[in-house]
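The primary structure of each chain is shown beneath.
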Amino acid sequence: MATNTSLHFRIVEGRNLPAKDVSGTSDPYCIVKVDNEVVARTATVWKNLNPFWGEEYTLHLPTGFHTLTFYVMDEDTISHDDVIGKISLSKDVIAAQAKGLDNWLNLSRVDPDEEVQGEIHLELHRDRSCLTCHVIEARDLAPRDVSGTSDPFARIIHNNVSAETSIIKKTRFPHWDETLELCLDEGADDAGGSVTVEVWDWDMVGKNDFLGKVEIPLSCLHKSPPLQGWFRLLPPGNTEDDAGGKLGALRLKVRLAEERILPSLYYQPLMEQLVEAVISPSEVNDPTPLTLLEEVTTVETRQDVAMTLVKIYLGQGLVVPFLDYLNTREVHNTTDPNTLFRSNSLASKAMEQFMKAVGMLYLHEVLKPIINRIFEERKYVELDPCKIDLNRSRRISFKGSATEAEVRESSVGLLQTYLTSIMEAIVNSVSQCPPVMRVVFKQLHKRVEEQFPEPENEDVKYLAISGFFFLRLFAPAILTPKLFQLRDHHADTRTSRTLLLLAKALQSVGNLGLQLGHGKEQWMTPLHPIILCSVVSVKDFLDKLVDIDHDNVCEAPQRAVFLPSVIVKEGFLQKHKAEGPQLLKRFAFKKRYFWLSSETLSYAKSPDWQVRSAIPIQRVCAVERVDENAFQLQNIMQVITQDTEGQLHTTYLQCKNVNELNQWLSAIRKMSIYNEHMLPSFHPGAHRGNKWTCSRTHSAVTLGDWSDPLDPDAETQIIYKELLHGRDKLRKQYLETQEMEAAEQEEKKTSPPSTVCVQGRSERARAVATRLLAVVLDLERAHSSFQSRERDEGSAFRV
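Here the structure is a predicted model, which is why all the values come from computation and not from measurement.

Colleague: Provide a residue-level description of the overall build of the chain, including the pertinent values.
Modeller: Across its full length, the chain carries 16 helices and 27 strands. Taken across its 799 residues, the chain has 49% of its residues classed as buried. The long-range fraction of contacts in the chain, counting pairs at least 24 apart against all pairs at least 6 apart in sequence, stands at 69%.

Colleague: Report on the pattern of salt bridges, specifying residues and quantitative values.
Modeller: Enumeration over the complete set of coordinates arrives at 27 salt bridges. Ionic contacts of the salt-bridge type, sharing partners, join the residues Arg155, Glu164 and Glu198 into one network.

Colleague: Residue-level account of the environment of aspartate 27, with values.
Modeller: The topology assignment puts aspartate 27 in the loop between β1 (2–15) and β2 (28–34). For aspartate 27 and valine 72, which are 45 residues apart along the polypeptide, the C-alpha to C-alpha distance reads 10.0 Å. Not counting residues within four places of it along the chain, the set of residues in contact with aspartate 27 comprises Asp21, Thr44, Val45, Trp46, Lys47, Met73, Asp74 and Glu75. There is a polar contact of 2.8 Å between the side chain of aspartate 27 and the backbone nitrogen of lysine 47.

Colleague: Provide a residue-level description of the nonpolar core, including the pertinent values.
Modeller: If you look at the biggest cluster of nonpolar residues, it comprises 120 residues, and the most contacted ones within it are Phe322, Phe354, Leu367, Phe441, Phe474 and Leu506. It is helix α6 (residues 346–377) that provides the largest number of residues to this core, a total of 16 residues. Core analysis: the second largest hydrophobic core is formed by 29 residues, Cys30, Ile84, Ile87 and Ile94 among them.

Colleague: Provide a residue-level description of the environment of leucine 59, including the pertinent values.
Modeller: Mapped onto the fold, leucine 59 is located in strand β4 (residues 52–61). On a C-alpha basis, the gap between leucine 59 and threonine 5 in space is 8.2 Å, while along the polypeptide they are 54 residues apart.

Colleague: Can you break down the side chain of threonine 288 residue by residue, with the values?
Modeller: By the element assignment, threonine 288 lies in the loop between α2 (264–279) and α3 (289–296). Those residues in contact with threonine 288, other than ones at most four positions away along the chain, are Ala277, Tyr325 and Val768.

Colleague: Describe the sheet that holds strand β3 (residues 37–41), listing the residues and the values that go with them.
Modeller: Pairing within the open sheet is antiparallel, and its four strands lie in the order β3-β2-β5-β6. Taken across any chain shown, the strands that pair with only one partner, and hence form the sheet edges, are β3 and β6 (82–90). Adjacent strand axes in the sheet meet at a mean angle of 25°, parallel and antiparallel pairs treated alike. The pairing of β2 with β3 spans four bridges and is antiparallel.

Definitions and limits used
Along each chain, numbering runs from 1 in the same order as the chain's sequence is written. Totals for whole chains, interfaces and linings use all residues, but because this is a predicted model, local features are given only for residues with pLDDT of at least 70 and pairs of side-chain atoms are given and counted only at 80 or more. Hydrogens are left out, water is left out, and the side-chain values use all remaining heavy atoms of the structure. Think of it this way: any DSSP run of H or I at least four residues long counts as a helix, any run of E at least two long counts as a strand, and we number them from the N terminus. Buried means the residue's accessible area, taken with a 1.4 Å probe over protein chains only, is under 20% of the maximum for its type, while exposed means over 50%, and partly exposed covers the values in between. Here, two residues are considered to be in contact whenever any of their heavy atoms come within 4.5 Å of each other. Here, a salt bridge means any side-chain nitrogen of Lys or Arg that lies within 4 Å of a carboxyl oxygen of Asp or Glu. N or O atoms within 3.5 Å of each other form a polar contact, as long as, within protein, one can give a hydrogen and the other can take it, and as long as residues adjacent in sequence are counted only when both atoms are side-chain atoms. The criterion is simple. A nonpolar core is a set of buried Ala, Val, Leu, Ile, Met, Phe, Trp, Tyr and Cys residues joined through side-chain atoms within 4.5 Å. When DSSP finds two or more bridges between a pair of strands, those strands are recorded as paired. To obtain an axis, a line is fitted to C-alpha atoms, over the contacting stretch when the element is a helix, and the angle between two such axes runs from 0 to 180 degrees between their N-to-C directions.

This is the structure we're talking about:
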């Protein structure tokens, strides 16, 4: 039984950070480490002591971890970046919060001696008068020199007596293979005694730098065979403090989810019930496993459940009937068209997650040019008279400084230009929109038209689609382009205000201008004419959007979601292709420009180079990151492909930073997730001299982007856990209550005609709940059985 460890964290904002620049401000960003590995870097927020990031990450970890650490840095363009402070959270602290941690936490000081990392491989044995320590090697040590390496040596200490290994220059992965001995007093008391192994970085000038230590009680060394293994290096002591809040604070949301994943066979009954609910729908209000699942979800879990279901049905090729099922129920149960999809129902959340999963490439293609233009121009735009700052605006006329009226006139002109460009890009993008998204909108259009056929409700079918399309996808992307990967950095204050005003205008367009003039922001009135003009083109666009042949799209494979002509990602990478067992050297990497589409990963010497080489996406078998010790380099991934003869080939790619690494990993995985012959495991090292630099293989894992497709078993496990938590509620509502109703009906012996339909529906609900709870019970038993077996095997192994 596999273990799936997911770490979810959101870096919300900071407050009261200290000024690190001469201007009296800072340029803060965050680096996140899981143990010793950098897993994320936020954007830099320029000139701000109270920055807002709002960046969210999910890591699917192959093994357990010890510590999650957030470092707040101040970016400097000339010198090294300054460290402002850090927050460290142990795995135990995070796991203790069942619903996750959501709080403001003070930053603590960063002591270089505390920033240790890595492990050391030791073998220790003791007889009456001698302690023998075989210092074999160490890995992933902290870099202490400007070269990005260290000059490590190890020291063994007991009772102020020590012995040292030799110094190995310029490495973070030293191999000593030396045996050190210490003489012990024969009558020494072992009760509180211990031996300490320290690792240091040797410096020719100045004092040596501490790299970590291991303390081992002497009482553990009497056992036979000798104590041997990898030991995690620890700091000299726990000296952290929060500096009394003087370094500022971060608001963090962190949640740990550890799931034991059963073999696929055990999830099939639950998967079959989920599939049956959408391929064989009954009456609209008849109960199904999906309706029961929605009843037990909470406001806090509904978005995660919706995202999980979208992934499951995408993988099954059933996302269209799934969303149609939810939307049909939502529309049928809505009496007031003004409240349609206004709640955080499962249907609303599922549609939102679906658009992000399949529409992100489309969103980029439509919006990226105009967003880049707004960022590059950095125009001062303001319509609110209370916020106009004449000192920020450039002089518009030659008669003197700009007046408030001139600033408003200039702002209206710029916003009209930007909004026109955005609307033209959107209304001309029908052919670019993913076909599966168009079919979902077509089905929604049909259901709304059937439910609200009255002439006065003519606009409802448009509002239902535009509410998702404009209000939940395009407007949020314009407001915060960094969170939709449209930009690498957050907007500065001036650009952010422009984007906010444009997002407000686009929301009004999405509402078909029905709310214009009714809000408090009357200063938006100058944009009302262009908003109303856009409404006509929006309706025409939505009519064209839903004009698509349903059957042809449904029969197409899910990979058709990605348009072959679209370049998903491009940029310079360092490339090396492994050919044969020869020794790989770090200078073997060559700079190449890469393009990724749904068909190929191609590359050339430069963006303008005419000759390109290509790796067919359908031949990709694995895309994973590589351990640093393979090349003594960071941020390397491997793309493993299979040729027509079944031979495997590995191409190594190095990225500039961890953000870029995660983005490329995510993008290539999305293109290749439906490939046949995907490898279940991979070597995280490199092949040198007929052997691997790593000591073990890793099972395939997903790191980085939240929207990566995951293992269907892991997704179904999430649904099972949600049903397990709501089991008592389902039992009470559908089994215990209906048993009482049945007893009452038996006493009366006859049922009034008006209750026959209700009784029939109750019986169906009871049958669905009984089947679903039986599957939950079977899965619970399977988990218990596997855990008992693992405990027994562990006990036998220890004996």
